[in-house]
Protein chains: 2
Amino acid sequence: MRIVLDAMGSDNYPDPEVHAAVEASRTLDLEILLVGNEKMLRPRLEELKAGDLPIHLVHAPQVLEMTDKPARTARKKADNSMAVGMDLLKNGEAEAFVTAGNTGGAMANALFRLGRIRGVKRPALSAILPVVGGRAVLLDVGANVDCKPIFLLQFALMGAAYAQITLGVDNPRIGLLSNGEEPGKGNELVKETFPLLTGSGLNFIGNMEPKELYGGHADVVVTDGFTGNILVKTSEAVAKLMTDILRQELTSSFKIKIGALLSKPAFTTLKKMIDPREVGAAPLLGIDGLVFVGHGRSDAHALVSAIRLASQAVASNLLASVKESIQAKMSTLATSQDDE
Amino acid sequence: MRIVLDAMGSDNYPDPEVHAAVEASRTLDLEILLVGNEKMLRPRLEELKAGDLPIHLVHAPQVLEMTDKPARTARKKADNSMAVGMDLLKNGEAEAFVTAGNTGGAMANALFRLGRIRGVKRPALSAILPVVGGRAVLLDVGANVDCKPIFLLQFALMGAAYAQITLGVDNPRIGLLSNGEEPGKGNELVKETFPLLTGSGLNFIGNMEPKELYGGHADVVVTDGFTGNILVKTSEAVAKLMTDILRQELTSSFKIKIGALLSKPAFTTLKKMIDPREVGAAPLLGIDGLVFVGHGRSDAHALVSAIRLASQAVASNLLASVKESIQAKMSTLATSQDDE
């Protein structure tokens, strides 16, 4: 199996990427195509004595920066590392692509290079959240800030296929994020999406508030990309605020310090559970290719997790599942649904 | 000062309300008008030997239940405890109204009985969140699930007036909740609201992600009622998930148990900080009267906090401030802004 790793994606590129390439190619059964500026990458690889590892350098002279306008650069910076890397995927030289770069840039490049799966209105970005009793998939978490009901129906279809593979559940329970559980609650988008999900043939269990999401009531929860993005970022912010307060409090007196020391294993478990590095990356569901986007702050550990996730998706044929699910459903839906 | 307390609001009515009336009238310098079913309330007050306290029973035969459709019952159940209580406010027999009942019901009754402040397009529900270095006001958190840019501008004006009084800041920093800090980020609503806030004369500091909100970068953050509601509920859900995990972990071995015992004061501080009971209630900003709505799960302690908050709002003349702020601004705005 060959996985492309964008060497110029993370905030601190290319060091995290180079270290991740070395570790992943050492510990996982796969080859890495490391795409980026050769002059920066080769000396670093030599320094790490990576000569015998299955890492292949692919030169890409340009970098897509955080400040670049995604849609424009996808066209203008044709030699940016994402574009070059995705072309490898398109040409069948690799099975999945991993980047810690700009999500908008990844989406623009993916749309331009790989395109959408036939029938997909809008690709979506998903996140895997820790919930009571396991994990849940939330989508969209940022690719589409303004959505139509049909987009959310498709998110549910794609999310279900992803959950089957990633969470290993046969008939994933689908929830619709809303400001109340009762049918009829929600904004216009939610109210119009509800009947589509009811008639979708999916295991739709209804509207769902964040407490049911985190309570583990569903395997997949769908929402628009604005709300989903706010939900994920709120979760991170609250988790950080709470750990910061606890840390501050736990160093406030000698007795408490001793207590903190003794109870440290508990905090390690908690930290691991809420650490986005443990999941590593999210796939762009709906793109005709396996593209995984990780956090800009990713370190080597996070990138290795992302590569592992991508390799699992390849092994379990995620792309074919998503295609099948979308195409089976969309062909039965009235063609009267309006598009973009 | 006279405060109306809806005796039939909370999930466990009327016991929390009766206890709160007793405690508030004992410890705060005010009178309570307790509105609800007299037959239920009188024996309970007698049991608590509340005869000498400044609590006045006002009979209301009907109860607005959680399952009632707000708009319909505001009209049909004309003698529900919220309606009767708000009429007291309207007739000048009290200065503020507090309920732990259905938010939609409170809003419908308030619109029907008290009406909007002149110039206000949509009243909003606000929340006070614990943030680094203090507290911040977030609105709307549920009254308007679908919003227009002009609503958000008004939320900012009303939120600023509320923050001046509640947080004691002179020139509150206003943030616009978005999925990225850069101007230009956001969904359509955010993008169209941004220039209105820039030209508002308010201390607008730009788009803001949840991490800046919780990081204490702003005093007031505005968003639509759907997103705001999801943000607040996500915060509660994550806080609960984290404390549950910690509690579980902290009882997992003897050594850790001892540690937990020693570090308990730290958890007490944390719990108090994230406990919604400490704030108690949120005002319906934009209603022509001071109406505070608390959580359905409110206990007596939460209701006393709510009553205290309401009395502070009366003392500092919140209603007049909001009116002044809205009317000064709206008269300078083009009348071309579309309405509902």
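The rules behind these values
Residues numbered from 1 in each chain as written. Chains lettered and ligands numbered in written order. Predicted model: local features only at pLDDT ≥ 70, side-chain atom pairs only at ≥ 80, totals over all residues. Heavy atoms only, no water. Buried < 20%, exposed > 50% of the residue type's maximum accessible area, 1.4 Å probe, protein only. Helix = DSSP H or I, 4+ residues; strand = E, 2+ residues; numbered from the N terminus. Contact = heavy atoms within 4.5 Å. Polar contact = N/O pair within 3.5 Å; in protein donor to acceptor, adjacent residues only side chain to side chain. Salt bridge = Lys/Arg side-chain N within 4 Å of Asp/Glu carboxyl O. Pairing = 2+ DSSP bridges. Axes fitted to C-alpha atoms, helices over the stretch in contact; angles between N-to-C directions.

Draft legend 1. Summary view of helix H4 (residues 81–90) of chain B. All names here are of chain B. A large share of H4 lies buried, amounting to eight of its 10 residues. Listed in full, the buried residues belonging to H4 are Ser-81, Met-82, Ala-83, Val-84, Gly-85, Met-86, Leu-88 and Leu-89. Summarising the contacts, the buried residues of H4 are in contact with strand E1 (2–6), strand E2 (31–36), strand E3 (55–59), strand E4 (96–99), helix H5 (103–113) and strand E11 (290–294). Measuring from the side-chain oxygen of the N-cap residue of H4 to the backbone nitrogen of Met-82 gives 2.8 Å; that N-cap residue is Asn-80. Phi turns positive one or two residues past the end of H4, at Gly-92, with a value near 75 degrees.

Draft legend 2. Region of interest: the pattern of salt bridges. Enumeration over the complete set of coordinates arrives at 20 salt bridges over all chains. Asp-15 of chain A is the salt-bridge partner of Arg-44 of chain A, the closest N and O atoms lying 2.7 Å from each other. Within this pair, whereas Arg-44 of chain A is found in helix H2 (residues 38–47), its partner Asp-15 of chain A is found in helix H1 (residues 15–27), the two being separated by 29 residues in sequence. Notably, a salt bridge pairs Arg-173 of chain B with Asp-219 of chain B, separated by 3.0 Å at the nearest N-O pair. One end of the pair, Arg-173 of chain B, is in strand E7 (residues 173–177); the other, Asp-219 of chain B, is in the loop between helix H8 (210–214) and strand E9 (220–222), with 46 residues separating them in the sequence. On the basis of relative accessible area, Asp-219 of chain B is assigned to the buried category, the value being 8%. Shared partners join several salt bridges into a network, and the residues in it are Glu-209, Lys-211 and Glu-212 of chain A together with Lys-233 of chain B.

Draft legend 3. Summary view of the sheet that holds E9 of chain B. All names here are of chain B. Taken in spatial order, the 11 strands of this open sheet run E3-E2-E1-E4-E11-E10-E5-E6-E9-E7-E8, and their pairing is mixed. Both outer strands of the open sheet, E3 and strand E8 (203–208), are each paired with one neighbouring strand and no more. Averaged over all pairs of adjacent strands, the angle between their axes in this sheet comes to 25 degrees, without regard to strand direction. Relative to strand E10 (residues 281–285), strand E5 (residues 124–131) is paired through two bridges, and the arrangement is antiparallel. Following the sheet pairing, Ala-124 is matched in E10 by Leu-285. Those strands touched by helix H6 (residues 149–166) are E5, strand E6 (134–139), E7, E9 and E10, and its axis lies near 160 degrees from that of E9.

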